[in-house]
Amino acid sequence: MVFLFSEGLLLALSLLIGLIFTVVCMFFGHIILFDSIFFAVISGIAANKLLHLHPALSLLAGIAVLLFLFWIQNTRFGFWIVGGLLSFFWAFFFSIIAYDATHKDMVWTYVVMGLSFVIMMLLHLKARNNGI
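The residue numbering used here restarts from 1 in each chain and proceeds along that chain's sequence as written. Predicted model: local features are reported for residues with pLDDT of at least 70 only, side-chain atom pairs are reported and counted for 80 or more only, and whole-chain, interface and lining totals are derived from all residues. Water and hydrogen atoms were dropped before computing side-chain values, which therefore reflect all heavy atoms in the structure.

1. Here we look at the packing of aromatic side chains
Any two of the Phe, Tyr and Trp rings considered here, Trp counted by its six-membered ring, make a pair once their centres fall within 6.5 Å; the pair's planes then place it as stacked at under 30 degrees, edge-to-face at over 60, or tilted in between. This model, assessed by the stated rule, comprises 13 aromatic pairs. With a centroid separation of 6.0 Å and an interplanar angle of 40°, the aromatic rings of F34 and W90 are classed as tilted. With F34 in helix α2 (residues 31-49) and W90 in helix α4 (residues 76-101), this residue pair connects regions lying 56 residues apart in the sequence. A single burial state applies to F34 and to W90, both of which are buried. Within the aromatic cluster, the residues linked to one another by ring pairs are F34, F38, F39, F89, W90, F93 and F94. Working rule: Lys NZ or Arg CZ, within 6 Å of ring centre, within 35 degrees of ring normal, means a charge sits over the ring. Here R128 stacks its cationic end above the ring of F79, 4.6 Å away from the centre of that ring. Helix and strand assignments follow DSSP, with helices taken as H or I runs no shorter than four residues and strands as E runs no shorter than two, numbered in order from the N terminus. For every residue, the accessible area obtained with a 1.4 Å probe (protein chains only) is divided by the maximum for its type, and the residue is called buried under 20%, exposed over 50%, and partly exposed between those limits.

Here it is in structure tokens:
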């Protein structure tokens, strides 16, 4: 019985590690798709929790956001507008982490924000050039 439990635990841990690596690799390799999925999930949850929509309608709202963001990021002007805004969003997110981790040191916050913005824009450009 202990053997069966340990094998099940090993399988669950392997699946969790595989999922984490998949998300990280998608973030670095296909950030356009990652952004679209991430904001689709967030918008579906927000539609359900904040707007009190039925879960099925929230799912449809999330799918609509996914398709719209993915489509707009694959156009010439949409890529620069949405890619720039999402790069700024991720830079702001990482700078908040740096702000909290460095005990409110604003120099580190701005350095992390600037570097994060440049790295995120480069990741968006790389994903755009590679295609999906």
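2. As for the side chain of S87
Here S87 is to be found in helix α4. At 3.1 Å, the side chain of S87 forms a polar contact with the side chain of H124. Setting aside residues no more than four positions away along its own chain, S87 makes contact with F117, M120, M121 and H124. Whenever two N or O atoms come within 3.5 Å, that pair is a polar contact, provided that in protein one can donate a hydrogen and the other can accept it, and provided that, for residues adjacent in sequence, both atoms are side-chain atoms. By the convention used here, residues are in contact when the closest approach between their heavy atoms is within 4.5 Å.

3. Remarks on a nonpolar patch on the surface
The patch calculation keeps residues exceeding 30% relative accessible area without a salt bridge and links them within 9 Å when they carry like charges or within 5 Å when they are nonpolar (Val, Leu, Ile, Met, Phe, Trp, Tyr). A 1.4 Å probe and the Shrake-Rupley method give the accessible areas. Residues count as covered only by the protein chains that appear here. We define a salt bridge as a contact between a side-chain nitrogen of Lys or Arg and a carboxyl oxygen of Asp or Glu at a distance within 4 Å. Together, L50, L51, L53, L57, L59, L60, I63 and L67 make up an exposed nonpolar region whose accessible area comes to about 820 Å². For L59, a relative accessible area of 56% corresponds to the exposed category.

4. Details of the packing of α2 against helix α3 (residues 55-73)
Note on definitions: angles span 0 to 180 degrees between N-to-C directions of axes, and those axes are lines fitted to C-alpha atoms, for helices only across the stretch in contact. Where α2 contacts α3, the axes come no closer than 8 Å and their chain directions differ by 150°. Viewed along their axes, α2 and α3 adopt a mutual orientation that is roughly antiparallel. For the element pair α2 and α3, the recorded crossing hand is right-handed. Contacts between α2 and α3 pair I32, L33, D35, S36, I37, F39, A40, S43, G44, A47 and N48 from the former with P55, S58, A61, G62, V65, L66, L69, F70 and Q73 from the latter. Just so you know the grouping, Ala, Val, Leu, Ile, Met, Phe, Trp, Tyr, Cys and Pro go in nonpolar, Asp, Glu, Lys and Arg go in charged, and all remaining residues, Gly too, go in polar. Per-class residue counts for the contact of α2 with α3 are twelve nonpolar, seven polar and one charged. Angles below 35 degrees are treated as roughly parallel, those above 145 as roughly antiparallel, those between 65 and 115 as roughly perpendicular, and all remaining angles as oblique. Each crossing gets its handedness from the near helix: less than a right angle anticlockwise from the far helix is left-handed, clockwise is right-handed.

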